Amino acid sequence: MWIVPEREIADLMTREAAFNAVEKVFAAMASNDAYNFPVVREAIGHVDALYGFKGGFDRAGLTLGLKAGGYWPNNLATHSIINHQSTVFLFDPDTGKVKAIVGGNLLTALRTAAASSVSIKHLAREDAKVIGMIGAGHQATFQLRAALEQRSFEKVIGWNFHPEMLPNLEKVAEEAGLPFEAVELDGMQNADVIISITSSHDAILMADQVSPGTHIACMGTDTEGKQEVDPALLRRSAVFTDEVAQSISIGEAQHAVGQGLIKESDVNQIGAVINGAHGGRTGADQITLFDGTGVGLQDLAVAASVVDLAIEKGIAIEVDF
Ligand code: NAD
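Computed from a predicted structure; not experimentally measured. (Residues numbered from 1 in each chain as written. Predicted model: local features only at pLDDT ≥ 70, side-chain atom pairs only at ≥ 80, totals over all residues. Heavy atoms only, no water.)

Turning to the site of the ligand, a few remarks are in order. H138, N160, H162, M219 and K226 are the nearest of the 23 residues found near the ligand. Between D222 and the ligand, the recorded distance is 3.0 Å, taken from a side-chain N or O atom to an oxygen atom. Contact with the protein chains removes 79% of the 860 Å² of surface that the ligand exposes when unbound. Partitioned by chemical class, the residues of the shell around the ligand number six nonpolar, 14 polar and three charged. (Near = heavy atom within 4 Å. Polar contact = N/O pair within 3.5 Å; in protein donor to acceptor, adjacent residues only side chain to side chain. Areas by Shrake-Rupley, 256 points an atom, 1.4 Å probe, with all protein chains shown as cover. Nonpolar A, V, L, I, M, F, W, Y, C, P; charged D, E, K, R; others polar.)

Membership of the largest hydrophobic core comes to 68 residues, with the highest contact counts inside it found for V4, M13, F26, V102, I131, V156 and I195. With ten residues, the top contributor of residues to this core is helix α11 (residues 296-312). Looking at this core, you find at least three residues from each of domain 1 (2-108 + 297-318) and domain 2 (124-294). Residues in contact with F26, not counting those within four places in the same chain, are A115, V118, D242, I270, G271, I274, F290, V295 and Q298. Judged by nonpolar contacts, the second largest core, of 26 residues, contains V183, L185, C218 and V267. (Core = buried A, V, L, I, M, F, W, Y, C linked by side-chain atoms within 4.5 Å. Buried < 20%, exposed > 50% of the residue type's maximum accessible area, 1.4 Å probe, protein only. Helix = DSSP H or I, 4+ residues; strand = E, 2+ residues; numbered from the N terminus. Domains from an automatic or database assignment. Contact = heavy atoms within 4.5 Å.)

Note that N105 resides in helix α4 (residues 105-123). Judged by its relative accessible area of 17%, N105 is buried. Within polar-contact distance, the side chain of N105 engages the side chain of Q85 at 3.2 Å. Ignoring sequence-local partners within four residues, the contact set of N105 consists of E6, I82, H84, Q85 and S86.

What follows concerns the domain arrangement of the chain. Taken as a whole, the chain is organised into domain 1 (2-108 + 297-318) and domain 2 (124-294). For domain 1 and domain 2, the distance between their C-alpha centres works out to 24 Å. Around 1,200 Å² of area is buried between domain 1 and domain 2 when both sides are counted, 56% of it from carbon and sulfur atoms. When the area that domain 1 buries against domain 2 is broken down by residue, the three leading residues are R15, F26 and A30, summing to 38%. The interface formed by domain 1 and domain 2 contains one salt bridge. R15 serves as the salt-bridge partner of E149, at 2.8 Å between the closest nitrogen and oxygen. Counting across the interface, domain 1 meets domain 2 through four residue pairs in polar contact (both at pLDDT 80 or more). Of the residues forming the side of domain 1 that touches domain 2, the biggest block, seven residues, is contributed by helix α2 (residues 15-30). Here the residues of the side of domain 1 that touches domain 2 sort into seven nonpolar, three polar and three charged. (Buried area = accessible area lost by both parts, 1.4 Å probe. Salt bridge = Lys/Arg side-chain N within 4 Å of Asp/Glu carboxyl O.)

Further remarks concern α4. The terminal C-alpha atoms of α4 lie 28 Å apart, and with 19 residues this matches the ideal 27 Å at 1.5 Å per residue to within 8%. Burial within α4 is extensive, with 16 of its 19 residues counted as buried. (Expected span 1.5 Å × (residues − 1).)

Here the focus is the packing of aromatic side chains. One pass over the full model with this rule turns up four aromatic pairs. Where Y35 meets F37, the ring centres are 5.4 Å apart and the plane angle is 65 degrees; that geometry is what we call edge-to-face. With relative accessibility at 43%, the residue Y35 sits in the partly exposed group. Here Y51 and W72 contribute two aromatic rings whose centre-to-centre distance is 6.2 Å and whose plane-to-plane angle is 65 degrees, an arrangement assigned as edge-to-face. Remark: W72 occurs in the loop between β5 (63-71) and α3 (75-79) and Y51 occurs in strand β4 (residues 50-58); sequence separation between them is 21 residues. What links up through ring pairs into an aromatic cluster is the set Y51, F53 and W72. (Phe/Tyr/Trp six-rings, centres within 6.5 Å; stacked < 30°, edge-to-face > 60°.)

Below, the structure is given as structure tokens:
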């Protein structure tokens, strides 16, 4: 069995490897070669922690396993470690023997960034120039860095519920040599691509604050009750997602479907666009919306990729188990 500790991931995993792994597994999901198992998420009644499992099996990539972890709200204050903690376990699908244990914290950030990035590659207009960010927390910086690699963006604009966090976005824009401007939500009308990545429970972005031809990746809503955009925006858009079942239950589409504005059948798998089974964007004026809910197979795909890299570089720790 191989172990790849969390401390090694930053030097091993690249945005490119994460992108390729996620794009491939989304395609496998759409061709029914890979499927996610039901998610378990429990408030364990101890230190206010939320703990759970996300697992799945990719028959195409022969990746079987689960990510175990969750959210410990007091970690930073009490133990000086981050509140989100996760570990990925991979198993040999031929024998059931455990194959690898991999630190899952940085991988989660990279696989989430890769998802919106994959959606931009396949759905945004080729001539997109302005990227708008809603959210400026930990994950927003990862989303922005990955997104900037997908088009020749010329400007970053940003809005955040806590404006004092906007310098996080400005720093990433500066690193990429791009100007950054803080805007009001109406200013998002100037964006060609918008990423929302917040922990909001109410609609932030209204349908009339988005211009025709925009691509929006909604990445923050991954739980029942969370919400980032006006449900009417989904009615105005061609809607895509990682997994339809999650999109309509814990993703952004839960609200639009719940209010009868769109139907489950209006939500398309991004993997079908990657495979060529769905044509994707139909014109320069269409609004496309990607509802990125985060699936276990994404975690397994990036973990399998990092195990290969770690073995290749002699960094993986081999344990007789
Ligand atoms: P963070 O705590 O670092 O940042 C939270 C962000 O939400 C900040 O921009 C903050 O200003 C904003 N925010 C907080 N309260 C708000 C409110 N009431 N209204 C509007 N905005 C508010 O968290 P993070 O690590 O950046 O994660 C952001 C979100 O992304 C979380 O909700 C997390 O669950 C979600 N997430 C989704 C996936 C996925 O695969 N879809 C993966 C990882 C994280």
